[in-house]
Amino acid sequence: DARVTQTPRDKVTEMGQEVTMRCQPILGHNTVFWYRQTMMQGLELLAYFRNRAPLDDSGMPKDRFSAEMPDATLATLKIQPSEPRDSAVYFCASGAGTVNTEAFFGQGTRLTVV
Amino acid sequence: DAKTTQPNSMESNEEEPVHLPCNHSTISGTDYIHWYRQLPSQGPEYVIHGLTSNVNNRMASLAIAEDRKSSTLILHRATLRDAAVYYCINVAGSYQLTFGKGTKLSVIP
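Residues numbered from 1 in each chain as written. Chains lettered and ligands numbered in written order. Predicted model: local features only at pLDDT ≥ 70, side-chain atom pairs only at ≥ 80, totals over all residues. Heavy atoms only, no water.

Caption draft 1: A look at the overall build of chain B. A count of helices and strands for chain B gives zero helices and nine strands. Dimensions along the principal axes, computed over C-alpha positions, put chain B at roughly 40 × 30 × 25 Å. Looking at chain B as a whole, 49% of its 109 residues are labelled buried. Taking contacts inside chain B between residues at least 6 apart in sequence as the whole, the part at least 24 apart equals 57%. As presented, chain B carries roughly 5,400 Å² of accessible surface, and 48% of it is formed by carbon and sulfur atoms. One way to put it: in chain B the 9 positive side-chain charges average out to a point 6 Å from where the 10 negative ones average out. (Helix = DSSP H or I, 4+ residues; strand = E, 2+ residues; numbered from the N terminus. Buried < 20%, exposed > 50% of the residue type's maximum accessible area, 1.4 Å probe, protein only. Contact = heavy atoms within 4.5 Å. Areas by Shrake-Rupley, 256 points an atom, 1.4 Å probe, with all protein chains shown as cover. Lys, Arg positive; Asp, Glu negative; His and termini not counted. Charge placed at Lys NZ, Arg CZ, Asp CG, Glu CD.)

Caption draft 2: Local environment of the layout of surface pockets. Its volume calculated, the largest pocket comes out at about 790 Å³. Residue lining of the largest pocket: 31 residues in total, with Gln37 and Met39 of chain A together with Gln38, Val85 and Tyr87 of chain B positioned closest to the centre. Those elements that provide at least two residues to the lining of the largest pocket are strand 4 (31–38), strand 5 (42–50), strand 9 (88–95) and strand 11 (109–113) of chain A together with strand 8 (84–91) and strand 9 (103–108) of chain B. Of the residues belonging to the lining of the largest pocket, the class tally is 14 nonpolar, 12 polar and five charged. Space inside the second largest pocket adds up to approximately 630 Å³. If you trace the second largest pocket, you find 25 residues lining it, with Phe104, Phe105 and Gln107 of chain A together with Pro44 and Glu45 of chain B closest to the centre. (1 Å grid on protein atoms, 1.4 Å probe; cavity = no way out; pocket = protein on both sides within 12 Å on 5 of 7 lines; lining within 4 Å. Points joined across faces, edges and corners; volume = space filled by probe spheres on them. Nonpolar A, V, L, I, M, F, W, Y, C, P; charged D, E, K, R; others polar.)

Caption draft 3: Looking closely at the side chain of Gln6 of chain B. Residues and elements named next belong to chain B. Structurally, Gln6 is set in the segment before strand 1 (9–13). Of the polar contacts made by the side chain of Gln6, one reaches the backbone oxygen of Tyr86; its length is 3.0 Å. At 2.9 Å, the side chain of Gln6 forms a polar contact with the backbone nitrogen of Cys88. Non-local contacts of Gln6, meaning those with residues more than four positions away in its chain, are made with Pro21, Cys22, Trp35, Tyr86, Tyr87, Cys88, Gly102 and Thr103. (Polar contact = N/O pair within 3.5 Å; in protein donor to acceptor, adjacent residues only side chain to side chain.)

Caption draft 4: Looking closely at the nonpolar core. One finds Met21, Trp34, Leu77 and Tyr90 of chain A to be the most contacted residues of the largest nonpolar core, which totals 22 residues. With residues near it in sequence (within four places) discarded, Met21 of chain A still touches Thr7, Trp34, Ala75, Thr76, Leu77, Ile79, Tyr90, Thr109 and Leu111 of chain A. Counting 21 residues, the second largest nonpolar core, distinct from the first, contains Tyr32, Val85, Tyr87 and Tyr95 of chain B. (Core = buried A, V, L, I, M, F, W, Y, C linked by side-chain atoms within 4.5 Å.)

Caption draft 5: Structural view of the interface of chain A and chain B. Between chain A and chain B, the contact holds 25 residues from the first and 20 residues from the second. Buried surface at the junction of chain A and chain B, summed over both partners, amounts to about 1,800 Å²; 54% is from carbon and sulfur atoms. Of all residues in chain A, the largest losses of buried area upon contact with chain B belong to Leu43, Val99 and Phe105 of chain A, amounting jointly to 32% of the total for that side. Elements represented by at least two residues in the side of chain A that touches chain B include exactly strand 4, strand 5, strand 9 and strand 10 (103–105) of chain A. For the side of chain A that touches chain B, the element with the highest residue contribution is strand 5 of chain A, accounting for five residues. Looking at the side of chain A that touches chain B residue by residue, the class counts come to 11 nonpolar, 11 polar and three charged. (Buried area = accessible area lost by both parts, 1.4 Å probe.)

Caption draft 6: Looking closely at the state of the cysteines. All names here are of chain A. As enumerated under the stated definition, the model contains two disulfides over all chains in all. Paired by a disulfide, Cys23 and Cys92 hold their sulfur atoms 1.9 Å apart. In this structure, the disulfide formed by Cys23 and Cys92 twists by about -60 degrees around the S-S bond and is classed as left-handed. Of this pair, Cys23 sits in strand 3 (residues 19–24) while Cys92 sits in strand 9, and the two are 69 residues apart along the sequence. Owing to a relative accessible area of 1%, Cys23 belongs among the buried residues under this scheme. In this structure Cys92 comes out as buried when scored by relative accessible area, which is 0%. (Disulfide = S-S within 2.5 Å.)

Caption draft 7: Highlighting the sheet that holds strand 8 (residues 74–79) of chain A. Residues and elements named next belong to chain A. Strand order in the open sheet made by the four strands is 1-3-8-7, with antiparallel pairing throughout. One side of each edge strand has no neighbouring strand; the edge strands of this open sheet are strand 1 (5–7) and strand 7 (65–71). The mean inter-strand angle of the sheet, taken between neighbouring strand axes irrespective of direction, is 20 degrees. Relative to strand 8, strand 7 runs antiparallel, the two sharing five bridges. What sits directly across from Phe65, in strand 8, is Ile79. (Pairing = 2+ DSSP bridges. Axes fitted to C-alpha atoms, helices over the stretch in contact; angles between N-to-C directions.)

Given below as structure tokens:
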């Protein structure tokens, strides 16, 4: 049963610390998305990649957030330094990249910055 | 991607059919209409998608207006497990999936 795997599931960190969230997309999927979800803002698209290259990261605060795909089996989202307002659930999703195919979401990483 | 408009919330009685509407008046001719849902404390999950014709799968049916400016997701018999936020998205060739606020469906036992 193919699935998108995100680690860690939960992360509590102190303000100012670096946070790295990881995502293993489904094998063969060429498109990877990062989302942030809060009660106030809903599900926001932070960045997405096609064949490991960033297509759009305009939703991501550039000064502290970075997203990469070191290889086809790993996507990372880093926050440095973290701030309390970054507290949210972060979702990764992957898809085959064509309009008539669905995307699959991971279970999310719940980040709490204190 | 074209913007979609959905009601903030809807209620349904258990085992009754539910019709969830979505307006997408600025949809482009080649954009697909996708529906996802998000159960409490879970990531979004795919429900169904279509282009012009109505679609059925094991989860739901999708009815698309002839002018494609609106669509309706149909759950034939709502169960408590169907209580979720339902998102309607127009997907263009870029495959950028941008979510709106969705419709929160409550199912009453």
